[in-house]
Amino acid sequence: MTVDERDVEVAGESTTVVVIGAGPAGLTVANLLRRCGIDCVVLERRSREYVTKRQRAGIVESRAVRMFEAWGLADLVLAGPPHDGILEFRVDGESHLVDDSDGSAGSGARLCPQQVLVEKLTAAHLADGGDLRYEAADVSLHDLTGDRPTVRYRSADGTRHAISCAFVAGCDGDHGVARSAVPDGVLTAHAFDHGIGWLTVLADAPPPAHPLLAVSPQGFAAHFPRGPHSSRYYLQCPPGDRPDAWPDDRVWDALRTRLGDPALTAGPITDRETFPLRSLVHDPMQYGRLFLVGDAAHILSPMGGKGMNLALHDADVFARAVRDHVREQDDTALRTYSARCLRRVWSDQEFSHWLTRTVHDAGDDTHSGPFLRHMARARLDRLFTAPGAAQAFAELMAGLDPAQDHAVPTDR
């Protein structure tokens, strides 16, 4: 935007990194930078109450748990019970338990909904003296290919601000201003529509013993714990369905049928929404001194729980790259940021796509047809009976990648 010279603008602010967005990606970037002694300013267009109360599913995978441990943040930002490493597949009512822990030493995954992680990250950042500014309107990015980009915004009281920085971390999601600041033609968007809709339901109802994925001719369903007395459910539905097409009775009838549990206990439904399953990757994840982190760069199908964990991985890679630049004047990691992140992005996209097609094609074959249904069932049978297939599945679920993963040095 062009700032009217008649407007009052607070200029002269300067920092190393301006972080756009206070979700899991942005707050992780901010916390890691603070751990390195690197200053940053976080701008969030929403209020703190809105950001910390958004209901989102989430499992922090083993790799991300170990990342927080290596940075000395795990005790501060992780909440929720440890995942016991068991995932239940229920095929036509028949239960199959799969060990989805990678078997390596160290902590396993945590059942930590996204809003809980955000609240903990927010508290840790503010307790460490972090600069976090909510209700930042009209955010705009300037001179991204120069030595010192400028980020402008308007605070809640109407004051205009201009912040000079060395880098901008675009962590404001798929519809944020960060990616839109990149000129047309610079990024290539790789998009895929799965042709599948989901209804997601949050209810005050008993959680399952283990996270549950159910396959049946009536369609896919899932049941995940969201606390000691609450659950999140997923139901496959047509992509164009609306939440009001699913009254309570229909929801519980479909869940009992698809989960193969006629005695499933119902409870008050506190939230429901429908959305299409889609995947999207923007390449590269960098333009000048702007680095895209998390959903600003990529969207995944929810299968496998990779979306938030990829954002945490991006944040880790970016923070270490900035650290190298500040401490060692070494820009190698900054130059390779996009290539390094995209390697994991495409690996997780493939796994998420594989799991999405498997559990949906194996059930309702209205669209996939009997051939793909039999193929999907063969993949499930291999997962249940072949130790090698089960081990590969567990490593992918845990986020293990021996070629990339390494601990953060202790000299933070």
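Going by the structure above, here's the rest.
Description of the structure in this document. Since the structure is predicted, the reported quantities are computational estimates derived from the model, not experimental observations. Counting of residues starts from 1 at the beginning of each chain's written sequence and follows it residue by residue. Where local features are concerned, this predicted model is filtered to residues with pLDDT of at least 70; where side-chain atom pairs are given and counted, the filter is 80 or more; whole-chain, interface and lining totals use all residues. With hydrogens and water stripped out, all remaining heavy atoms of the structure feed into the side-chain values.

This part is about unusual backbone geometry. Omega for the bond connecting Asp 283 with Pro 284 falls within 30 degrees of zero, at 0°, which places this linkage in the cis form. Of note, Pro 284 is situated in the loop between strand E17 (269-283) and strand E18 (286-287). Positive phi, close to 55°, is recorded for Glu 135, a residue that is not glycine. Working definition: helices are DSSP H or I runs of at least four residues, strands are E runs of at least two. Numbering for both runs from the N terminus. Summarising the element assignment, Glu 135 is placed in the loop between strand E8 (131-133) and strand E9 (137-142).

Turning next to the sheet that holds strand E12 (residues 167-170). In any sheet, the strands associate via hydrogen bonds between backbone groups, in a parallel or an antiparallel arrangement. The strand order E8-E3-E2-E12-E19-E18 describes an open sheet built from six strands, whose pairing is mixed. Lying at the two open borders of the sheet, with one neighbouring strand each, are E8 and E18. One ladder, built from four bridges, connects strand E2 (residues 17-20) with E12; its direction is parallel. Counterpart to Ile 20 in the pairing with E12 is Gly 170. Residue contacts follow a heavy-atom distance rule, with two residues in contact if any of their heavy atoms lie within 4.5 Å. Under this scheme, a helix contributes an axis fitted over its contacting stretch, all axes are lines through C-alpha atoms, and angles between N-to-C directions fall in the 0 to 180 degree range. Along the sheet, helix H5 (residues 114-127) makes contact with strand E3 (40-43) and E8, crossing E8 at roughly 130°. Along the sheet, helix H8 (residues 307-328) contacts E2, E12 and strand E19 (290-292); its crossing angle with E12, the most-contacted strand, is approximately 175°. In short, DSSP must find at least two bridges between two strands for them to pair.

Once that is clear, we can look at the sheet that holds strand E14 (residues 212-215). The strand order E6-E5-E14-E15-E16-E13-E17-E20 describes an open sheet built from eight strands, whose pairing is mixed. The open sheet has two edge strands with one neighbour each: strand E6 (94-99) and strand E20 (298-299). With two bridges connecting them, E17 and E20 associate as antiparallel partners. In the strand pairing of E20, Val 281 is matched with His 298. Packed onto the sheet, helix H10 (residues 337-361) meets strand E5 (86-91), strand E13 (188-203), E14, strand E16 (230-237), E17 and E20 and runs at close to 130° relative to E17.

It is worth spelling out the packing of aromatic side chains at this point. Stacked, tilted and edge-to-face are the three classes applied to pairs of Phe, Tyr and Trp rings, where Trp contributes its six-membered ring and a pair requires centres within 6.5 Å; stacked means planes under 30 degrees apart, edge-to-face means over 60, and tilted covers the rest. The full count for this structure, using the stated rule, is 14 aromatic pairs. Taken together, a centroid distance of 4.8 Å and an interplanar angle of 40° make the contact between Trp 198 and Tyr 234 tilted. With Trp 198 in strand E13 and Tyr 234 in strand E16, the pair connects residues that are 36 residues apart, well separated along the chain. Both residues of the pair, Trp 198 and Tyr 234, count as buried. Here Phe 291 and Tyr 337 contribute two aromatic rings whose centre-to-centre distance is 5.4 Å and whose plane-to-plane angle is 80°, an arrangement assigned as edge-to-face. Placement of the pair is Phe 291 in strand E19 and Tyr 337 in helix H10, with a sequence separation of 46 residues. Members of the aromatic cluster, connected to one another through ring pairs, are Phe 89, Phe 351, Trp 354, Phe 384 and Phe 393. Geometrically, a lysine NZ or arginine CZ counts as sitting over a ring once it is within 6 Å of the ring centre and also within 35 degrees of the ring normal. The cationic tip of Arg 46 hangs over the ring face of Tyr 50; the distance from NZ or CZ to the ring centre is 4.2 Å. Exposure categories follow from relative accessible area, calculated using a 1.4 Å probe and restricted to protein chains: below 20% of the type maximum is buried, above 50% is exposed, and the middle band is partly exposed.

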